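Take a look at the letters that make up each chain.
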Amino acid sequence: MSNRTFTMIKPDATANGHTGAILAIINAAGFRIVALKMLHLSAEKAGEFYAVHKERPFYGELVEFMSRGPISAAILEKENAVADFRTLIGATNPAQAAEGTVRKLYATSIGENAVHGSDSDENAAIEGDFFFSKLEQF
Ligand code: CMP
């Protein structure tokens, strides 16, 4: 069990002005932000990040969406970070997300679902390193 996870506040939530509210929920749940940046992914970089989904029918839509506008990327620290963060954000499909979760509050669809959260300790490390050099991880 690692104590770090990786998240992105996606273009939908950014465009709707929810960045600050989502960061506040993350902090209030006991996560410490140990890396943070706002950036606009190119389609190429979005495709690289989500390469694991390349064969899925929604891959093209996902890449288009994730490169549509700015995102905030962050590394978060807390005991049991990966599992606790996935509980905090709720199910991928907001229709199935529990009350009070970030996706229940801010996601609009299964594709445009406001936030990303790593699904394993291994992927958390890979995803964090995708966005942040070691000098940018505190
Ligand atoms: P995320 O947790 O970032 O990981 C993969 C993303 O693919 C997911 O959030 C959604 O944004 C997107 N996704 C997953 N399933 C679907 C789907 N059925 N249709 C469209 N997009 C999807």
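Residues numbered from 1 in each chain as written. Predicted model: local features only at pLDDT ≥ 70, side-chain atom pairs only at ≥ 80, totals over all residues. Heavy atoms only, no water.

(A) Representation of the overall build of the protein. Looking only at helices and strands, one finds seven helices and four strands in the protein. When its helices and strands are written in sequence order, the protein yields β-α-α-β-α-α-β-α-α-β-α. Expected size for 138 residues packed as a compact globule is a radius of gyration near 14 Å; at 14 Å, the protein falls within 12% of this value. Considering only C-alpha atoms, the protein reaches an extent of 35 × 35 × 25 Å along its principal axes. For the protein, buried positions account for 44% of its 138 residues. The contacts in the protein between residues at least 6 apart in sequence include a share of 75% that link residues at least 24 apart. For the protein, the accessible area works out to roughly 7000 Å², and carbon and sulfur atoms hold 55% of it. (Helix = DSSP H or I, 4+ residues; strand = E, 2+ residues; numbered from the N terminus. Rg over C-alpha atoms; globule rule 2.2 N^0.38 Å. Buried < 20%, exposed > 50% of the residue type's maximum accessible area, 1.4 Å probe, protein only. Contact = heavy atoms within 4.5 Å. Areas by Shrake-Rupley, 256 points an atom, 1.4 Å probe, with all protein chains shown as cover.)

(B) Representation of the site of the ligand in the model. Around the ligand, the neighbouring residues are Lys 10, Tyr 50, His 53, Phe 58, Glu 61, Leu 62, Arg 103, Ile 110, Gly 111, Asn 113 and His 116. At 2.9 Å, a backbone N or O of Gly 111 approaches an oxygen atom of the ligand. Of the pockets mapped on this structure, the ligand occupies the largest pocket. Classifying every residue of the shell around the ligand gives four nonpolar, four polar and three charged. (Near = heavy atom within 4 Å. Polar contact = N/O pair within 3.5 Å; in protein donor to acceptor, adjacent residues only side chain to side chain. 1 Å grid on protein atoms, 1.4 Å probe; cavity = no way out; pocket = protein on both sides within 12 Å on 5 of 7 lines; lining within 4 Å. Sits in = over half its atoms within 2 Å of the grid points. Nonpolar A, V, L, I, M, F, W, Y, C, P; charged D, E, K, R; others polar.)

(C) Broad picture of unusual backbone geometry. Positive phi is not limited to glycine here, since Asn 80 has a value of about 60°. In this fold, Asn 80 is placed in the loop between β3 (71–77) and α5 (81–89). You can call Asn 80 partly exposed: its relative accessible area is 28%.

(D) Examining the layout of surface pockets more closely. Looking at the largest pocket, its volume works out to about 800 Å³. Lining the largest pocket are 31 residues; nearest its centre among them are Tyr 50, His 53, Phe 58, Leu 62 and His 116. Taken together, the elements giving at least two residues each to the lining of the largest pocket come down to α3 (43–49), α4 (59–66), α5, β4 (115–117) and α7 (121–131). For the lining of the largest pocket, the class distribution of residues is 11 nonpolar, nine polar and 11 charged. (Points joined across faces, edges and corners; volume = space filled by probe spheres on them.)

(E) A look at the sheet that holds β4. The strand order across the open sheet built from four strands is β2-β3-β1-β4, with neighbouring strands paired in antiparallel fashion. Two strands in the sheet have a free side with no partner beyond their single neighbour: β2 (32–39) and β4. Each strand axis lies, on average, 15° off the axis of its neighbour in the sheet, ignoring direction. (Pairing = 2+ DSSP bridges. Axes fitted to C-alpha atoms, helices over the stretch in contact; angles between N-to-C directions.)

(F) Expanded view of α7. All of the buried residues along α7 are Ala 124, Glu 127, Gly 128 and Phe 131. The arc enclosing the buried residues of α7, seen along the axis, measures out at 100°, which places them on a common side. Looking at the buried residues of α7, the elements they touch are β1 (4–9), β2, α3, β3, α5 and β4. (Arc of directions from axis to C-beta.)

(G) Representation of the pairing of β1 within the structure. With five of six residues buried, β1 is to be regarded as a mostly interior element. Sheet topology note: the β1/β3 ladder contains six bridges and is antiparallel. Residue Phe 6 lies in a different strand from β3, and its bridge partner there is Ile 75. Bridge count for β1 against β4 is three bridges, and the pairing is antiparallel. Each bridged residue has a counterpart across the sheet, and for Thr 7 the counterpart in β4 is Gly 117.

Coordinates in, geometry out; function isn't part of it.
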